[in-house]
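Each chain, written out:
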Amino acid sequence: MQLTPETSERLTAGVARLVRTVKHLGPRAAADLYGDLPSFGWALLVPLEQDGAQRCSALAERVGVDVSVASRQVAALERAGYVERRPDPLDGRASLISISDAGSAALLHTRGVRGRWAVEALADWTEGEAREFSGLLEKLADGLDRAGRRPARAGGPVPAARAPATSTSTTPAPAPATPGENRR
């Protein structure tokens, strides 16, 4: 799909503003949002909660980080009591990492804070607007994830999209898809 330069600029400016806002709020909100849970803890605990006990290598792959990074982060979460480690019954040399009761409580706390923020931030939105935005936001995150996996183009920045040629078609645009459940 090709976007007009105006739409592309508005979209990227909006995303940039959102990122700046999150960065600005981040340090002030981290203590309330995560409590004693390290900020990276959320990314590691959610897959453990969803998928159950797993090896560090599988967890690293799931969250998209190097095994050495995941190993250090898991060790910090283990010291803090958010995860537990036990021998892998299939290979005693390896360990399985699982979320602890304290880790589950930390996720519950974080979800509660996020939920309160969402209620406040979206107080003047309708349920339909919030559902539509959720679906579009998930679609954007998926697209950014896919685009981030592609090799960069040689020769500098990607040129702005050109407006499509004028069409005489009177076919209406498809209705937006009904958003699914939040995947993360």
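Quick notes on the rules
Starting afresh in each chain, residues are numbered from 1 along the sequence in its written order. For this predicted model, a pLDDT threshold of at least 70 governs which residues receive local features, and a threshold of 80 or more governs which side-chain atom pairs are given and counted, while totals over whole chains, interfaces and linings are taken from all residues. The basis for the side-chain values is all heavy atoms of the structure; hydrogens and waters are excluded. Per the convention used, a helix needs a DSSP run of H or I reaching at least four residues, while a strand needs a run of E reaching at least two, with both numbered from the N terminus. A 1.4 Å probe rolled over the protein chains alone gives each residue an accessible area, and that area as a share of the maximum for its type sets the label: buried under 20%, exposed over 50%, partly exposed in between. Contacts were defined at the residue level, with two residues in contact if any of their heavy atoms lie within 4.5 Å. Here the open area of atoms and residues is found with the Shrake-Rupley method and a 1.4 Å probe, where only the protein chains shown may cover a residue. By this rule, a helix spans an expected 1.5 Å times one less than how many residues it contains. Directions from the helix axis toward the C-beta atoms define the arc. We call two strands paired when DSSP finds no fewer than two bridges between them. What pLDDT expresses is the predictor's confidence in each residue, scored from 0 to 100. For our purposes a nonpolar core is just a set of buried Ala, Val, Leu, Ile, Met, Phe, Trp, Tyr and Cys residues, chained together by side-chain atoms within 4.5 Å. In protein, a polar contact requires one atom able to donate a hydrogen and another able to accept it; more generally it is a pair of N or O atoms within 3.5 Å, and residues adjacent in sequence count only if both atoms are side-chain atoms.

Participant: I'm lost on the overall build of the protein in this one. Help?
Facilitator: Tallying secondary structure elements over the protein gives six helices and two strands in all. Sequence-ordered secondary structure for the protein, helices as α and strands as β, is α-α-α-α-β-β-α-α. Looking at the protein as a whole, 21% of its 184 residues are labelled buried. Within the protein, contacts between residues at least 6 apart in sequence are counted, and of these 57% link residues at least 24 apart. For the protein, the exposed surface amounts to about 13,700 Å²; the carbon and sulfur share of it is 56%.

Participant: I would appreciate a short explanation of helix H4 (residues 67–80) in the present structure.
Facilitator: It helps to recall that an α-helix has 3.6 residues per turn; residues three or four apart then point in one direction. Over its 14 residues, H4 extends 20 Å from the first C-alpha to the last, a length consistent with the 20 Å expected when each residue adds 1.5 Å. Within H4, the full set of buried residues consists of Ala70, Gln73, Val74 and Leu77. The buried residues of H4 all sit within an arc of 105° when viewed along its axis, so they share a single face. Along H4, exposed side chains directed more than 90 degrees from the buried face belong to Arg72 and Arg79. Those residues of H4 that are buried are in contact with helix H2 (41–51), helix H3 (56–63), strand E1 (83–88) and strand E2 (91–99). A positive backbone phi angle near 90° is found at glycine 81, which sits one or two residues after H4.

Participant: Help me out: how do you make sense of the pairing of E1 in this one?
Facilitator: For E1 and E2, the ladder comprises six bridges, and the chain directions are antiparallel. Opposite valine 83, over in E2, you have isoleucine 99 as the bridge partner. Linking E1 to E2, which pair antiparallel, is a turn of two residues.

Participant: What exactly am I supposed to notice about the confidence of the model for the protein here?
Facilitator: Should the pLDDT be low somewhere, the predicted coordinates at that spot are not to be read in detail. When pLDDT is averaged across the protein, the result is 79; 76% of the residues are at 70 or more. At the level of individual helices and strands, the protein shows its lowest average pLDDT in helix H1 (residues 5–34), which scores 79, and its highest in E1, which scores 95. Contacts from residues 158–184, a stretch scored under 50 in pLDDT, to residues over four places away or in other chains number 21 contacts.

Participant: Can you help me understand the nonpolar core in this one?
Facilitator: One recurring pattern in soluble globular proteins: nonpolar side chains tend to sit buried together. Leu45, Leu48, Val74, Leu77 and Val83 are the most contacted members of the largest nonpolar core, which totals 18 residues. Going through the elements one at a time, H2, H3, H4, E2 and helix H5 (101–121) are the ones with two or more residues in this core. Tallying contributions element by element places H2 first for this core, with five residues. Contacts of leucine 48, omitting those with residues within four sequence positions, involve Gln54, Leu59, Val83, Ile97, Ser98 and Ile99.

Participant: Just to check I follow, could you spell out the side chain of aspartate 88 for this structure?
Facilitator: Among the secondary structure elements, aspartate 88 is positioned in strand E1. The class of aspartate 88 is buried, set by a relative accessible area of 7%. Only 2.9 Å separates the side chain of aspartate 88 from the side chain of arginine 55, close enough to count as a polar contact. A polar contact is formed between the side chain of aspartate 88 and the backbone nitrogen of leucine 90, at a distance of 2.9 Å. Aside from chain neighbours lying at most four places away, what touches aspartate 88 is Arg55, Ala94, Ser95 and Leu96.

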